[in-house]
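Structure at a glance
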There are 2 protein chains.
Amino acid sequence: MADEALDKALNTLRDKHVRITPQRKLILNYLITHHNHPAVEVIYQELAPQMSSLSLATIYNTLNLFVEMGIVIEIPNENGGIRYDFFGSPHYHAICENCGKVTDIFDPNFPKIEEMIQTEAARQSGYKITSSHIEVYGLCDECQAKLAAQKPDGAAAEAHV
Amino acid sequence: MADEALDKALNTLRDKHVRITPQRKLILNYLITHHNHPAVEVIYQELAPQMSSLSLATIYNTLNLFVEMGIVIEIPNENGGIRYDFFGSPHYHAICENCGKVTDIFDPNFPKIEEMIQTEAARQSGYKITSSHIEVYGLCDECQAKLAAQKPDGAAAEAHV
DNA sequence: GTAGTTGCAAACGATTTGCATTTAT
DNA sequence: ATAAATGCAAATCGTTTGCAACTAC
């Protein structure tokens, strides 16, 4: 299953005349087998042991390439950074506003919803639509518990840095 | 109408015990009256003439605050940057992949769609959902025309960086 | 063979931060 | 009165870039 996805992605690259280098294969495989929505730095830390020559610059270049090719998507990271996700089967993301955790949501209605918003967007704007992203923000289980423990009362005041 | 929105937003701030400074009012008013989805730098250029002491740092701080308060939303800007948008009435965005233009889409189905995705996300992830974002990517009118002019044939090859 | 890719280090630029001063409440 | 916000400049950090060496096709 992971291999299927890898082959399919590699074929997509071949079709677009993009060279398949060991680095690209390694990064692609990592993304397919890890759905932890890694930031660039995380990918680097994980893969450096396997390919000591691998550079950050190459990871940046490769990810940008994959995004253009449509096989990887970017997820905004409240803190300005970007996280990446292999886009095998369509899904959207729930993002924790407190800890930044990203959870995949596989919604049976997603294709329907995606078509609705793309159709409406095209109608209103005249854009030629190619893709869409949905993110839902909130508090994950752990952070709900953590924050509840910190202020057991219903205090409203909130630190704004 | 613009004033209503401003008053409503100011009350939101008051309710949360956030001080209303001239800078905050100025920035808020700018966002309410300009739906050009400005980047920080743009806001700075526009407002500096009106308040020469206004600093970039204050704009950054203020916008982050507004986002936390839920009266302004961030729009990811392919080039890593962030653009801001006053969130008066619910809408989502069509973003041009070529020139970065952002167009508001006011979809009558948006509330329905938002509820669907928030409900499903909560069910699958256990998150306590607070908000959601939808972005649709594609090519705007002008860029469609521009690109069609550049390669009148159906050439496939594409520069990647 | 050759255009495309890598890796390094340097450059870049957007955003954040520390701190003294000012200000809203 | 005082806790919070501003503005400045410096620091930070993620990302991009120029270029020589390397490699997939």
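First things first, this report covers the structure right here in the doc. (Residues numbered from 1 in each chain as written. Chains lettered and ligands numbered in written order. Predicted model: local features only at pLDDT ≥ 70, side-chain atom pairs only at ≥ 80, totals over all residues. Heavy atoms only, no water.)

Superposing chain B onto chain A takes a rotation of 179° plus a shift of 0.0 Å along the axis, which leaves an RMSD of 0.1 Å. Such values leave the two copies arranged in the relation of a two-fold axis. Judged by C-alpha distance, I134 of chain B is the residue of chain B that lies nearest the rotation axis, at 2.3 Å. (Least-squares fit on C-alpha atoms with pLDDT ≥ 70 in both.)

So, about the protein's contact with DNA strand D. As a matter of local geometry, DNA strand D sits amid 17 residues, with Y60 of chain A together with T21, Q23, S53 and T58 of chain B nearest to it. Sugar and phosphate atoms represent 76% of those atoms of DNA strand D found within 4 Å of the protein. R19 of chain A places a polar side-chain atom, nitrogen or oxygen, 3.4 Å from a base nitrogen of DNA strand D. One of the side-chain nitrogen or oxygen atoms of T58 of chain B is found 2.8 Å away from a phosphate oxygen of DNA strand D. Looking at the surface near DNA strand D, the elements that each hand over two or more residues are helix 4 (56–69) of chain A together with helix 2 (22–33) and helix 4 (56–69) of chain B. Counting residues per element, the surface near DNA strand D draws most heavily on helix 4 of chain A, at four residues. Looking at side-chain class alone, the surface near DNA strand D contains seven nonpolar, seven polar and three charged residues. (Near = heavy atom within 4 Å. Polar contact = N/O pair within 3.5 Å; in protein donor to acceptor, adjacent residues only side chain to side chain. Helix = DSSP H or I, 4+ residues; strand = E, 2+ residues; numbered from the N terminus. Nonpolar A, V, L, I, M, F, W, Y, C, P; charged D, E, K, R; others polar.)

Geometric values such as these leave the question of function open.
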